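Breakdown of the fold
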Amino acid sequence: MVVIRLRREGTKNRPFYRIVAADQRFRRDGRFLEILGTYDPLKGKDNAEVDVEKANAWIAKGAQPTETVRSILKKAATPAKA
């Protein structure tokens with residue numbers, strides 16, 4: 001089964017994540033099928049950049065996002081109020 005999850009990168013005490021589509025059997029930081037975006041928890045606002053179209057295409061194919069990725073996608077899908 002394909003899941004959409006966070007892949008940790010960055011250094012110690014400076015986390016940086018890539019949002020990836022990966023097979024459930026692959027390790028968290030191991031192989032992946034496609035990079036869908038990035039997430040930087042140390043930034044204030046606008047800390048995620050996601051290709052929503054790619055993510056929705058994977059979800060349409062049956063990929064299951066994790067809870068954290070689901071909330072990031074929900075925030076990215078809503079238009080920013082200026």
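Right, let's walk through the structure included here. (Residues numbered from 1 in each chain as written. Predicted model: local features only at pLDDT ≥ 70, side-chain atom pairs only at ≥ 80, totals over all residues. Heavy atoms only, no water.)

The subject of this paragraph is the overall build of the chain. When its secondary structure is counted, the chain shows two helices and five strands. Element order for the chain, N to C, with α for helix and β for strand: β-β-β-β-α-β-α. In summary, the chain has a C-alpha radius of gyration of 13 Å against a globular reference of 12 Å for 82 residues, a match within 12%. Projected onto its principal axes, the C-alpha positions of the chain cover 40 × 35 × 20 Å. Per-residue burial over the chain gives 33% buried out of 82 residues. Within the chain, one finds 18 positive and 10 negative side-chain charges whose respective centroids are separated by 5 Å. (Helix = DSSP H or I, 4+ residues; strand = E, 2+ residues; numbered from the N terminus. Rg over C-alpha atoms; globule rule 2.2 N^0.38 Å. Buried < 20%, exposed > 50% of the residue type's maximum accessible area, 1.4 Å probe, protein only. Lys, Arg positive; Asp, Glu negative; His and termini not counted. Charge placed at Lys NZ, Arg CZ, Asp CG, Glu CD.)

Quick look at the pattern of salt bridges now. Enumeration according to the criterion identifies five salt bridges in this entry. With a closest N to O distance of 3.4 Å, Glu 34 and Lys 54 form a salt bridge. Remark: Lys 54 occurs in helix α1 (residues 52-60) and Glu 34 occurs in strand β3 (residues 34-39); sequence separation between them is 20 residues. On the basis of relative accessible area, Glu 34 is assigned to the partly exposed category, the value being 25%. According to the relative accessible area criterion, Lys 54 is partly exposed, its value standing at 34%. One network of salt bridges, in which partners are shared, links Arg 7, Glu 9 and Arg 18. (Salt bridge = Lys/Arg side-chain N within 4 Å of Asp/Glu carboxyl O.)

Residue Asn 13 is not a glycine yet carries a positive backbone phi of 65°. What makes Asn 13 exposed here is its relative accessible area of 65%. Phi is positive for Asp 46, which is not a glycine, with a value near 55°. Tracing the backbone shows Asp 46 in the loop between β3 and β4 (48-50).

Mapped onto the secondary structure, Asp 23 falls in strand β2 (residues 14-23). Within the structure, Asp 23 has its side chain in polar contact with the side chain of Arg 25 (distance 2.9 Å). (Polar contact = N/O pair within 3.5 Å; in protein donor to acceptor, adjacent residues only side chain to side chain.)

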